Amino acid sequence: MSGIVDGVPFAGTIITNDSVGVGVGAGSVGTLIGTTMAGGNSGRAMLFSKAGENIQCQFNYQSGKALGECLRSNGVKYLMTTNPPK
């Protein structure tokens, strides 16, 4: 999975409760970070920037939609959703 958070690229691994997942574009409040999953209903992600920052996410998903919360290594929390506000 990969995404951009406040202009910083992050990439890493997704683990779901059934270990099946496909990363695609999604969003959080004012930034992009997410995923859409196939199968199961919850997961975790650990993403890293080239500068060594990390962002950890926990999320639930169903029918191609995801919603969760992420915590960046600088302490900032983000909402992860496949349906970002416009």
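The rules behind the values
- Residues numbered from 1 in each chain as written.
- Predicted model: local features only at pLDDT ≥ 70, side-chain atom pairs only at ≥ 80, totals over all residues.
- Heavy atoms only, no water.
- Disulfide = S-S within 2.5 Å.
- Helix = DSSP H or I, 4+ residues; strand = E, 2+ residues; numbered from the N terminus.
- Contact = heavy atoms within 4.5 Å.
- Salt bridge = Lys/Arg side-chain N within 4 Å of Asp/Glu carboxyl O.
- Buried < 20%, exposed > 50% of the residue type's maximum accessible area, 1.4 Å probe, protein only.

Counted by the stated rule, this structure contains one disulfide. The disulfide that involves Cys57 links it to Cys70, with 2.1 Å between the sulfurs. Of note, the bridge from Cys57 to Cys70 carries an S-S torsion of about 110 degrees and is right-handed in sense. Taken together, the residues Cys57 in strand β5 (residues 54-62) and Cys70 in strand β6 (residues 65-72) connect sequence positions 13 residues apart.

Locating Asn54 in the fold gives a position in strand β5. Setting aside chain neighbours within four positions, we find Asn54 in contact with Phe10, Met46, Leu47, Phe48, Leu71, Arg72 and Ser73.

A separate point is the pattern of salt bridges. Two side chains carrying opposite charge are able to pair once their charged atoms lie near each other. According to the stated counting rule, one finds two salt bridges in the structure shown. Ionic pairing is found between Asp6 and Arg72, a salt bridge with its closest N-O pair at 3.5 Å. Of this pair, Asp6 sits in the loop between β1 (2-5) and β2 (8-16) while Arg72 is found in strand β6, placing the two residues 66 residues apart along the sequence. On the basis of relative accessible area, Arg72 is assigned to the buried category, the value being 7%. Ionic pairing is found between Glu53 and Arg72, a salt bridge with its closest N-O pair at 3.1 Å. You can see Glu53 sitting in the loop between β4 (42-48) and β5 and its partner Arg72 sitting in strand β6, a full 19 residues away along the chain. Of the residues examined, Glu53 reaches a relative accessible area of 22% and is grouped as partly exposed. The network of salt bridges with common partners includes Asp6, Glu53 and Arg72.

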